[in-house]
Amino acid sequence: MRVTNLGETIIEYSDIIPQDYDQLAFKLLKCGTYRGKHRTYVADYITMDIETSTTGRLTAQPVAFTYSIAVYIAGECYLFRTWEQYLEFIHNLGLSLGLSKYLRLVCYVHNLPYEFQFMRNFMHITEVFATSKRKVVKCLSSGIEYRCSYKLTNMSLDKFTKNTPEVTHGKLSGSDFDYSKLRTPTTYLTDTELDYIYNDVAGLYEALSYMISHDKYNIANIPLTSTGYVRNDLRQEMASNPENRKNFLQCRLDQYLYGLLRTARRGGNTHCNPIYSCMDLPDLTSKDMSSAYPAVMVQCKFPMTKFLPIRRSAAFEDYVDTYACIIDITFNNICVDNLSSIAYIPKAHCTQLRNVIGDNGRVLSADKISMVLTDIDYKIIRDTYHWESMECRCCYVAEYGYLPMELRLSILKQYKDKTTLKDKDPYLYMKKKNKFNANFGCMLTDICQDSVQYHENSEEPFTLEKTDEYSAQLDAYYASHRNFLQYQHGVWVTAQCRARLQKAIMALGDEMVYCDTDSAKFFDTAANRKIFDKLNAEIREEIKECGLNCTVEYKGKEYTLGLWDSDGDYKLFKSMGAKKYCYIDGNDDFEITVAGLSKSKAKDWLLEHGGIDQFKAGTIIPETASGRTVSTYNDWTDVRTISVNGEEIRVGSNLVITDTTYQFTLSEDYNDLLQNIAEGVIY
């Protein structure tokens, strides 16, 4: 038994005596049980976390192994140095509790996919639920139901414990712990290291306890993911009006329509104007739309009747200005009207491409492209491209209308809660913000999904069973009274948001520098600022038409959902393409945003090596500053023994995570385009 620097007691494996198991079982069962579907759960739960090291250059192929398994249970922390010790503990505890597949004890792990890779060869695991390969959300072993608390909270452990009241064991600094240090199951752990281990499991338990005790859920019915909270709330609101169920069934999709909609689905419009790429640009400003996705869900119109095919596909243009349309179309000899702006068509969303000249993934011109589009996308393409001819293979139309009132009012309530709680109750604000942001995720969840299968003791532990036969899944979806959201509405959420952004892009023209889903970065002039005054006036008109109050008054200030707001001014701005830019703001602070690169570490390194001048193709951020890692999965079929500095260690399947460098690069096509633009070659 050890007492840490913080005065916490950690019970080691050697301290456990047989009587402890019955005492732990008594403490756990004292809280009672909850009945779930086809099973019963112990009302209390436990938390678990592992620490690992890697052999690095000590072995020909790097291998990672576990040297610490910490469990927080009934107010005490138990520490095990090997999986064999942990499994013996779990086995004996299970006997005292009488655990089985019908009586379960929940164990929360804050990154279950990681722990799963290390523990899966040591135990028999069933009921593996994964959202994609290796993304395990839940599994069962020896009556213990392991759940991923990260998926439940959608926050890092540090953020979760910091934002939750009554948590006394916040996550400690990882830099103090030093993950790079080689530790084995026999390494003596210092009191500081034990503090870190203790706080991880105790802090997670405390934060979960507060969250669950202040919710209407218990351990048997709490959602597995953060979007589950929102889905349950929306389901309850929608069920209050029987007409919503009728409309849900009337608008059901068949297999063909669902396939068209999945093909038409597209995310936000994120791109850099090619004429400004890789240039140091002075005096820019940024605007972004307030909660863009929830805003269009409340204020814009969506397909609200059943999609029906038109008789003559060639006549589809008679419908696109009035109806919601899904169009399967081919353009011949198509070309963008204006190179000095944001090209709209992404190559990745074309079903056919021939002789394309591209702009970092966008189509500037092509001999032929085929796409499936909404009417919103088609009208944007019609306004920004020209072509020699086109062919419409099919077009389905539905009438436009607003989303159900119950859904829209629920979103507005969330917006009010989020707006008024920010400086009043950090915990409730965090919860309301997460719910508010999860609305769109609920809307665009695939109805028909490929099945992820787990194979025990296999070199390929996860396989994806793809299916092109959607009929049975669609039938099941519409038959269930738990389902109420229409997939087509999710497709239109992003389309309506792109339409609002496109108005800014077209109004700014070659003054537009960079856009990202709901934001625009452009040259700061009085004329450009007036553009956004006009755009906001148009949105206010849409708000009037939608018939709902989208403004929240708080502390003498008005906050209106969906309006363009200031998002910062830049003395200097530079972009190398989508999700890759840096700037110097009005306070002379240097900031970067690069997908896959640590903001803080990489920013500090760049500042030390030339700042914005080093933000260019060819610059290499070293592994110590990039924050970028490479994951190598060692998928073994059994447990093996390896030798590390003379110590024999039992190891199963594992995951080696190593730091790696990051190099700023431009694709060959993109580099050629930028050179041609610099030389005055216009397509």
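Above this text sits the structure in question.
Caption draft 1: Local environment of the overall build of the chain. Helices and strands together make up the secondary structure of the chain, namely 20 helices and 35 strands. On the principal axes, the C-alpha backbone points of the chain span a range of 80 × 65 × 55 Å. Evaluated residue by residue, the chain yields a buried proportion of 54% over its 683 residues. About 30,100 Å² of surface is accessible on the chain, with carbon and sulfur atoms providing 47% of the total. Where the 77 positive side-chain charges of the chain centre and where its 89 negative ones centre are 5 Å apart.

Caption draft 2: Up close: the sheet that holds strand E29 (residues 590–594). Within the open sheet, the seven strands sit side by side as E11-E23-E24-E12-E27-E28-E29. Their pairing is antiparallel. Because the sheet does not close on itself, it has two edges, and the strands there are strand E11 (270–272) and E29. Direction aside, neighbouring strands of the sheet carry axes that sit 30° apart on average. Judged from the five bridges that link them, strand E28 (residues 580–585) and E29 form a sheet pairing that is antiparallel. Following the sheet pairing, isoleucine 584 is matched in E29 by phenylalanine 590. Across the sheet, helix H16 (residues 487–508) lies against strand E12 (281–289), strand E23 (512–516), strand E24 (519–523) and strand E27 (564–575), angled at about 170° from E23, the strand it touches most.

Caption draft 3: A look at the layout of surface pockets. When its volume is computed, the second largest pocket comes out at roughly 1,700 Å³. If you go around the second largest pocket, you meet 46 residues; those closest to its centre are Phe129, Leu224, Thr225, Thr227 and Arg231. Looking at the lining of the second largest pocket, the elements with two or more residues in it are strand E8 (126–130), strand E10 (144–148), helix H4 (149–153), helix H8 (226–239), helix H14 (426–443) and strand E21 (451–454). Considering every element that reaches the lining of the second largest pocket, the biggest residue donor is H8, with six residues. The residue inventory of the lining of the second largest pocket, partitioned by class, reads 18 nonpolar, 16 polar and twelve charged.

Caption draft 4: View of the nonpolar core. Formed by 106 residues in total, the largest nonpolar core has its most connected members in Phe316, Ile327, Ile345, Ile381, Trp492, Phe532 and Trp564. Top contributing element to this core by residue count: H16, with eleven residues. If sequence neighbours within four positions are ignored, isoleucine 381 has contacts with Phe331, Ile334, Tyr344, Ile345, Met371, Leu373 and Trp387. Of all hydrophobic cores here, the second largest spans 48 residues; its members include Ala25, Leu28, Val71 and Phe116.

Caption draft 5: Layout of the packing of helix H11 (residues 292–299) against H16. At a minimum axis distance of 9 Å, the contact between H11 and H16 shows a crossing angle of 100°. By the angle between their axes, H11 is roughly perpendicular relative to H16. Mapping the contact onto sequence places Ala292, Tyr293, Ala295, Val296, Met297 and Gln299 in H11 and Val493, Thr494, Gln496, Cys497 and Arg500 in H16. Among the residues making up the contact of H11 with H16, the classes are represented as seven nonpolar, three polar and one charged.

Caption draft 6: Summary view of empty space enclosed by the protein. For the structure on display, the rule yields six cavities of 30 Å³ or more. By volume, the largest cavity amounts to about 140 Å³. In terms of lining residues, the largest cavity is bounded by Leu152, Thr153, Met155, Phe160, Met211, Asp215, Ser226, Tyr229, Met430, Lys431, Asn434 and Lys435. Of all the secondary structure elements, the ones that give two or more residues to the lining of the largest cavity are H4, H8 and H14. Looking at which element gives the most residues to the lining of the largest cavity, the answer is H14, with four residues. Of the residues belonging to the lining of the largest cavity, the class tally is six nonpolar, three polar and three charged. Estimated volume of the second largest cavity: approximately 70 Å³. Lining the second largest cavity are Met238, Asn244, Leu403, Pro404, Leu407, Met443, Phe484, Leu485, Gln486 and His489. Of the residues assigned to the lining of the second largest cavity, the class counts are seven nonpolar, three polar and no charged.

Caption draft 7: Inspection of the packing of aromatic side chains at higher detail. In this structure the tally under the stated criterion is 42 aromatic pairs. Where phenylalanine 522 meets phenylalanine 532, the ring centres are 4.8 Å apart and the plane angle is 15°; that geometry is what we call stacked. With phenylalanine 522 in strand E24 and phenylalanine 532 in helix H17 (residues 526–546), the pair connects residues that are ten residues apart, well separated along the chain. Each member of the pair, phenylalanine 522 as well as phenylalanine 532, carries the same accessibility label: buried. By way of ring pairs, the aromatic residues Tyr21, Tyr78, Phe80, Trp83, Tyr86, Phe89 and Phe122 are connected into one cluster.

Caption draft 8: Fine view of the environment of alanine 348. With respect to the helices, strands and loops of the structure, alanine 348 is situated in the loop between strand E15 (324–336) and strand E16 (350–354). On the basis of relative accessible area, alanine 348 is assigned to the exposed category, the value being 74%. It is 50 Å that separates the C-alpha atoms of alanine 348 and tyrosine 78, two residues lying 270 residues apart in sequence.

Caption draft 9: Quick peek at unusual backbone geometry. Of note, glutamate 127 is a non-glycine position whose phi angle comes to about 50°, a positive value. Looking at the secondary structure, you find glutamate 127 in strand E8. By relative accessible area, glutamate 127 is classed as partly exposed at 33%.

Caption draft 10: Quick peek at the pairing of E21. Here E21 shows a buried face lined by Val452 and Tyr454 and an unburied face lined by Ser451 and Gln453. Summarising the sheet, E21 and strand E22 (residues 462–465) pair through four bridges and their orientation is antiparallel. Within E22, the position partnered with serine 451 by the bridge is glutamate 465.

Caption draft 11: Region of interest: the pairing of strand E25 (residues 551–554). Side chains Val552 and Tyr554 project from E25 onto a buried face, and the interleaved Thr551 and Glu553 project onto a face without burial. Summarising the sheet, E25 and strand E26 (residues 557–560) pair through four bridges and their orientation is antiparallel. Residue tyrosine 554 lies in a different strand from E26, and its bridge partner there is lysine 557. The loop that links E25 with its antiparallel partner E26 comprises two residues; one of these, lysine 555, has a positive phi angle of about 55°.

Caption draft 12: Up close: the side chain of asparagine 199. Tracing the backbone through its elements, the reader meets asparagine 199 in helix H7 (residues 191–213). Asparagine 199 sits in the buried class, given a relative accessible area of 4%. When neighbours within four sequence positions are excluded, asparagine 199 is seen to be in contact with Leu6, His169, Gly170, Leu172 and Leu204.

Caption draft 13: Representation of the state of the cysteines in the model. Applying the stated rule across the entire model yields zero disulfides. As a non-bridged cysteine, cysteine 272 has cysteine 278 as the owner of its nearest cysteine sulfur, 7.7 Å distant. Note on cysteine 442: no disulfide assigned, nearest cysteine sulfur contributed by cysteine 497 at a separation of 17 Å. Using a relative accessible area of 3% as the deciding quantity, one classes cysteine 442 as buried.

Procedures and definitions
- Residues numbered from 1 in each chain as written.
- Predicted model: local features only at pLDDT ≥ 70, side-chain atom pairs only at ≥ 80, totals over all residues.
- Heavy atoms only, no water.
- Helix = DSSP H or I, 4+ residues; strand = E, 2+ residues; numbered from the N terminus.
- Buried < 20%, exposed > 50% of the residue type's maximum accessible area, 1.4 Å probe, protein only.
- Areas by Shrake-Rupley, 256 points an atom, 1.4 Å probe, with all protein chains shown as cover.
- Lys, Arg positive; Asp, Glu negative; His and termini not counted.
- Charge placed at Lys NZ, Arg CZ, Asp CG, Glu CD.
- Pairing = 2+ DSSP bridges.
- Axes fitted to C-alpha atoms, helices over the stretch in contact; angles between N-to-C directions.
- Contact = heavy atoms within 4.5 Å.
- 1 Å grid on protein atoms, 1.4 Å probe; cavity = no way out; pocket = protein on both sides within 12 Å on 5 of 7 lines; lining within 4 Å.
- Points joined across faces, edges and corners; volume = space filled by probe spheres on them.
- Nonpolar A, V, L, I, M, F, W, Y, C, P; charged D, E, K, R; others polar.
- Core = buried A, V, L, I, M, F, W, Y, C linked by side-chain atoms within 4.5 Å.
- Parallel < 35°, antiparallel > 145°, perpendicular 65-115°, else oblique.
- Phe/Tyr/Trp six-rings, centres within 6.5 Å; stacked < 30°, edge-to-face > 60°.
- Disulfide = S-S within 2.5 Å.

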